[in-house]
Amino acid sequence: MTTKNDILSPKILLAGATGYLGGYVLTELIRQQFPTRVIARNTSKLKNLPESVEVLQARITHPDSLIDCCDSVDTVISTVGITRQKDGLTYMDVDFQANMNLLEEAKKSGVRKFIYVSVLNGEQMRQLKICEAKERFVEELKKSGLDYTVIRPNGFFSDMSEFFSMAQKGRIFLFGNGELKANPIHGEDLAQLVVKAISGNETEIKAGGPETLSQKQIAAIAFEVAGKIQKITFIPDWIRRRVLGLIKTFTGSKTYGPIEFFMTVMAKEMIAPEYGSHTLKAFYQELKEKMK
């Protein structure tokens, strides 16, 4: 039966709703009353949803489970990707092939638009396994014939939790001189940009948070919230490169991949246009409250 919402708003298919960003995107879609279909392997993680949300149990890495998942869908949003390899899956299995499975269904069903969340400067970091997989999918998306938007965040607040963890232990380790800058973005702020892209015409959106800070400034905020005296150890960049080489030699891809990405990004300026209102200090204060 066609509902009023079906007439007023296009149906959205969201993949990755149980992840960090995907959860915020789902909340924003619900807030804006978009009829939404969610793909999830573990549907028990999606509870107390309104009637406007349809949950489809499927594994995006298994194309047979996705058959007809995009029927009556106007826009596909994918936040699918792995930050820590598990279940024997690689970045190419998930960040590339799983999204390709979804793209093929979208094309078959005549979907209008596909929104994909990649990473800032991903095209410049294709030597990293995770970026190679993401950028290979971006290339296929651009050739798909669908309208598309590639969202490129420069890092999430959740990625910055390691600074707070180190501050609580009394010492933060930084590569180089700590002057490299970034403006990571909160998931809620980025979700608003993702949903806005449904009706937008931009093919690429670079997104960062409202504060551009050096690594030393981020460390200072972490120490302040943790209530600790500032103690920072600066690690020469040649040591970072040497450590990366050793880890690659003596560990498997499951261990090396995430460390490779983190240590590479920490040695680059990751500045994107500023959006949103959430501050890193408030995020660290929330972390502190949760740990009590």
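How each quantity is defined
For every chain, the first residue of the written sequence is number 1, and numbering continues from 1 onward in sequence order. Side-chain atom pairs in this predicted model are given and counted only at pLDDT of 80 or more, local residue features only at pLDDT of at least 70, and totals for whole chains, interfaces and linings cover all residues. By convention in this description, side-chain values take in all heavy atoms of the structure and omit both hydrogens and water. Strands pair, by our definition, only if DSSP identifies at least two bridges between them. Under the DSSP-based scheme used, a helix requires at least four consecutive residues in state H or I and a strand at least two consecutive residues in state E, with every element numbered from the N terminus. Throughout, an axis means a line fitted to C-alpha atoms (over the contacting stretch in the case of helices), and angles, computed between N-to-C directions, take values from 0 to 180 degrees. We call two residues contacting when some pair of their heavy atoms lies within 4.5 Å. Salt bridge, as applied in this entry: a Lys or Arg side-chain nitrogen positioned within 4 Å of an Asp or Glu carboxyl oxygen. Burial classification: accessible surface area is computed with a 1.4 Å probe over protein chains only, and a residue below 20% of its type maximum counts as buried, one above 50% as exposed, and the rest as partly exposed. Distance and chemistry together define a polar contact, namely a pair of N or O atoms within 3.5 Å, with one atom able to donate a hydrogen and the other to accept it when in protein, and with adjacent residues in sequence counting only for side-chain atoms on both sides. Per-residue confidence from the predictor is reported as pLDDT, which spans 0 to 100. When the strands point away from the viewer, a crossover counts as right-handed if the path from the first strand over the helix to the second runs clockwise. Oblique is the label for any angle not covered by the other classes, which are roughly parallel (under 35 degrees), roughly antiparallel (over 145) and roughly perpendicular (65 to 115). Here is the rule for handedness: rotate from the far helix to the near one, and if that takes an anticlockwise turn smaller than a right angle the crossing is left-handed, while a clockwise turn gives right-handed. The nonpolar class holds Ala, Val, Leu, Ile, Met, Phe, Trp, Tyr, Cys and Pro. Asp, Glu, Lys and Arg form the charged class, and all remaining residues, Gly among them, are polar.

## Considerations on the sheet that holds strand β4 (residues 75-78)
Spatially, β3-β2-β1-β4-β5-β6-β9 is the arrangement adopted by the seven strands of the open sheet, whose pairing is parallel. Looking along the sheet, the strands with just one partner apiece sit at the ends: β3 (53-57) and β9 (204-207). On average, each strand axis in the sheet is tilted by 15° relative to the strand beside it, whichever way the strands run. Note that strand β1 (residues 12-15) and strand β2 (residues 36-40) share four bridges and pair parallel. Opposite L14, over in β2, you have V38 as the bridge partner. Sheet contacts for helix α4 (residues 129-142): β5 (113-117) and β6 (147-153); angle to β5, the most-contacted strand, approximately 165°.

## Describing the pattern of salt bridges
Here the structure, examined in full by the defined rule, presents 18 salt bridges. The salt bridge partner of E204 is R152, with a shortest N-O separation of 3.1 Å. Placement of the pair is E204 in strand β9 and R152 in strand β6, with a sequence separation of 52 residues. The class for E204 is partly exposed, based on a relative accessible area of 30%. Of the residues examined, R152 reaches a relative accessible area of 1% and is grouped as buried. Put simply, E123, E135, R152 and E204 are held in one network by salt bridges that share partners.

## Quick notes on the environment of Y20
Inspection of the secondary structure assignment puts Y20 in helix α2 (residues 20-31). Under the relative-accessibility criterion, Y20 is labelled partly exposed at 30%. As a C-alpha pair, Y20 and F156 span 136 residues in sequence and 9.2 Å in three-dimensional space. Apart from residues lying up to four places away in sequence, Y20 is in contact with F156, F157, S158, H186 and G187. Separated by 2.9 Å, the side chain of Y20 and the backbone nitrogen of G187 make a polar contact.

## Thoughts on the confidence of the model for the protein chain
Keep in mind that low pLDDT regions are not for reading the predicted coordinates in detail. Counting all residues, the mean pLDDT for the protein chain is 90, and 93% of those residues have values of 70 or more. Low pLDDT, under 50, characterises residues 1-8; the stretch is placed with five contacts to residues that sit more than four places away or in other chains.

## Topic: the pairing of β2
Most of β2 is tucked away: five of the five residues are buried. Residues of β2 alternate between two faces, with T36, V38 and A40 on one and R37 and I39 on the opposite face, all of them buried. Between the parallel elements β1 and β2, the chain passes through α2 in a crossover that is right-handed.

## Observations regarding the packing of helix α5 (residues 161-169) against helix α10 (residues 280-290)
Across the interface, α5 lies against α10 with an axial gap of 10 Å and an inter-helix angle of 55°. Looking at the two axes, α5 sits oblique to α10. The handedness of the crossing between α5 and α10 is right-handed. Side by side, α5 and α10 meet where S161, F163 and F164 of the first sit next to F283, Y284, L287 and K288 of the second. For the contact of α5 with α10, the per-class residue count stands at five nonpolar, one polar and one charged.

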